[in-house]
Amino acid sequence: EIVPNVVIGRHTHPGMEGGYVLEGELVLMIDGQAPKTLKAGESYQIPLEAIHDAKSGPSGAKVLAVYVVRKGEPLATPAK
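A brief look at the structure comes next. (Residues numbered from 1 in each chain as written. Predicted model: local features only at pLDDT ≥ 70, side-chain atom pairs only at ≥ 80, totals over all residues. Heavy atoms only, no water.)

### Some details on the overall build of the protein chain
Okay, so step 1: Along the protein chain, the regular secondary structure elements total 0 helices and 6 strands.
Okay, so step 2: Helices (α) and strands (β) of the protein chain occur, in sequence order from the N terminus, as β-β-β-β-β-β.
Okay, so step 3: For 80 residues, the compact-globule estimate of 2.2 N^0.38 gives 12 Å, and the C-alpha radius of gyration of the protein chain, at 12 Å, lies within 12% of that figure.
Okay, so step 4: For the protein chain, the spread of C-alpha atoms along the three principal axes comes to 35 × 20 × 20 Å.
Okay, so step 5: Expressed as a percentage of the 80 residues in the protein chain, the buried residues total 29%.
Okay, so step 6: By sequence separation, contacts in the protein chain at least 24 residues apart represent 72% of the contacts at least 6 residues apart.
Okay, so step 7: A total of about 5000 Å² of accessible surface is found on the protein chain, and carbon and sulfur atoms cover 57% of it. (Helix = DSSP H or I, 4+ residues; strand = E, 2+ residues; numbered from the N terminus. Rg over C-alpha atoms; globule rule 2.2 N^0.38 Å. Buried < 20%, exposed > 50% of the residue type's maximum accessible area, 1.4 Å probe, protein only. Contact = heavy atoms within 4.5 Å. Areas by Shrake-Rupley, 256 points an atom, 1.4 Å probe, with all protein chains shown as cover.)

### As for the side chain of D53
Okay, so step 1: Inspection of the secondary structure puts D53 in strand β5 (residues 52-69).
Okay, so step 2: No salt bridge is formed by the buried D53; the nearest opposite charge belongs to R10, separated by 6.1 Å.
Okay, so step 3: For D53, the contacting residues outside a window of four places in its chain are V7, I8, G9, R10, V27, L28 and M29. (Lys, Arg positive; Asp, Glu negative; His and termini not counted. Salt bridge = Lys/Arg side-chain N within 4 Å of Asp/Glu carboxyl O.)

### Overview of the nonpolar core
Okay, so step 1: Core analysis: the biggest nonpolar cluster contains 7 residues, these being V21, L28, I30, L38, Y44, I46 and A50.
Okay, so step 2: Only β2 (15-30) and β4 (43-46) provide two or more residues apiece to this core. (Core = buried A, V, L, I, M, F, W, Y, C linked by side-chain atoms within 4.5 Å.)

### Quick notes on the environment of G19
Okay, so step 1: With respect to the helices and strands, G19 occurs in strand β2.
Okay, so step 2: As for G19 and A65, which are separated by 46 residues in sequence, their C-alpha atoms are 4.1 Å apart.

### Topic: the pattern of salt bridges
Okay, so step 1: Taken as a whole and assessed by the stated rule, the structure comprises 5 salt bridges.
Okay, so step 2: Here K62 ties to E1 by a salt bridge, and the two come within 3.7 Å at their closest N and O atoms. Pair noted here: K62 is in strand β5 and E1 is in the segment before β1 (11-12), with a separation of 61 residues, a long-range link.
Okay, so step 3: Here E1 falls in the exposed class, since its relative accessible area comes to 79%.

### Brief notes about the layout of surface pockets
Okay, so step 1: Reported here for the largest pocket is a volume of approximately 170 Å³.
Okay, so step 2: At the level of secondary structure, the elements contributing two or more residues to the lining of the largest pocket comprise β2, β4 and β5.
Okay, so step 3: Residue classes in the lining of the largest pocket are distributed as 10 nonpolar, 3 polar and 2 charged. (1 Å grid on protein atoms, 1.4 Å probe; cavity = no way out; pocket = protein on both sides within 12 Å on 5 of 7 lines; lining within 4 Å. Points joined across faces, edges and corners; volume = space filled by probe spheres on them. Nonpolar A, V, L, I, M, F, W, Y, C, P; charged D, E, K, R; others polar.)

Written out as structure tokens, the structure reads:
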């Protein structure tokens, strides 16, 4: 669950992330792509090691995320 109007911060994952917005709204920002607004019922995929960020909407967001990452590495690393 993400509180309203929060910017998560640019980061990467050592694998891919897939997610589904259960409630609210989320703006997904993947480097090299236009920002994408996701609403309840929509899904997303973030490629391996892609630098990305997200911002919750005015009502916040509830997201179910699944990570397929390399074993033994941190789940997320701040982007440089």
